[in-house]
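A closer look at the structure
Listed here are the chains, written in short residue letters.
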Amino acid sequence: MPARSARRRRVEKAEPSDRGPHKEGFTLVELMVVIVIIGLLATVVAINVLPSQDRAMVTKARADIATLEQAIETYRLDNLDFPDDLQSLVAAPSGLASPDRYRPGGYVRRLPQDPWGEPYQYRRPSAHGGQFDVYSLGADRKQGGEGNDADLGNWS
């Protein structure tokens, strides 16, 4: 047997340039993991935010209806009769018995649209036992409905 040398051989570390072309960046697996995590976070946010938006739209509609209801009542007190339509709250209608009783500037600056982009509805006499109805047709823009599609009015 050949005698071993007492000296150990030094093994040199391979430099990056010795291993072939150096590649920078992320692997496909790393990118896919990040995309999946972002997707999961977006889903959690959407699940928590979308119902809040629906509630906010219903709350805005109720606030607008209350404002219009108050303006109609003020109109009635000033002019001793209910308006024929909601436009009468913005500008004095022709044929008022006492035009001087109409409030300068009207009863609302402009008629709001409901949160779904439609005009509010006005009906007199009321179909719900009151003197008049002010309402929104809801998200479906049709009479009736349930949940987010339900009509919102001064009767509810």
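Our structure is the block above this text.
Description of the structure in this document. (Residues numbered from 1 in each chain as written. Predicted model: local features only at pLDDT ≥ 70, side-chain atom pairs only at ≥ 80, totals over all residues. Heavy atoms only, no water.)

Quick notes on helix H1 (residues 28-79)
Applied cut-off: In DSSP terms, a helix is any run of H or I states spanning at least four residues, a strand is any run of E spanning at least two, and both are numbered starting from the N terminus. Residue count minus one, scaled by 1.5 Å, sets the expected span of a helix. Accessibility here uses a 1.4 Å probe with only protein chains present; expressed as a share of the type maximum, an area under 20% marks a residue as buried, one over 50% as exposed, and anything in between as partly exposed. Every residue pair with non-hydrogen atoms within 4.5 Å of one another is taken to be in contact.
Here H1 is 52 residues long and its end C-alpha atoms lie 74 Å apart, about the 76 Å a rise of 1.5 Å per residue gives. The complete set of buried residues in H1 reads Met57, Ala61, Asp64, Ile65, Leu68, Ala71, Ile72, Tyr75 and Asn79. Buried residues belonging to H1 abut strand E1 (121-123), strand E2 (133-136) and strand E3 (152-153).

Considering the environment of Pro99
By the element assignment, Pro99 lies in the loop between H1 and E1. When its relative accessible area of 55% is taken as the criterion, Pro99 is described as exposed. Measuring from C-alpha to C-alpha, the distance between Pro99 and Asn79 comes to 8.3 Å, with 20 residues separating the pair along the chain.

Focus: the pairing of E2
To keep it simple, the criterion reads: Two strands are said to pair when DSSP picks up at least two bridges between them.
Where burial is concerned, the two faces of E2 agree: the one with Asp133 and Tyr135 and the one with Val134 and Ser136 are both buried. Looking at chain direction, E1 and E2 are connected through three bridges and run antiparallel. The residue bridging Arg123 from the neighbouring strand is Asp133, located in E2. Here two bridges tie E2 to E3, and the two strands are oriented antiparallel to one another. Within E3, the residue paired with Ser136 across the bridge is Leu152.

Section: the pattern of salt bridges
We count it as follows: For this document, the term salt bridge refers to a Lys or Arg side-chain nitrogen within 4 Å of an Asp or Glu carboxyl oxygen.
Here the structure, examined in full by the defined rule, presents five salt bridges. Residues Asp64 and Lys60 are paired through a salt bridge, measuring 2.5 Å at the closest nitrogen-oxygen approach. One end of the pair is Asp64 and the other is Lys60, both in helix H1 and four residues apart, which spans about a single turn. Between Asp78 and Arg103 there is a salt bridge, with its nearest N and O atoms 3.7 Å apart. One end of the pair, Asp78, is in helix H1; the other, Arg103, is in the loop between H1 and E1, with 25 residues separating them in the sequence.

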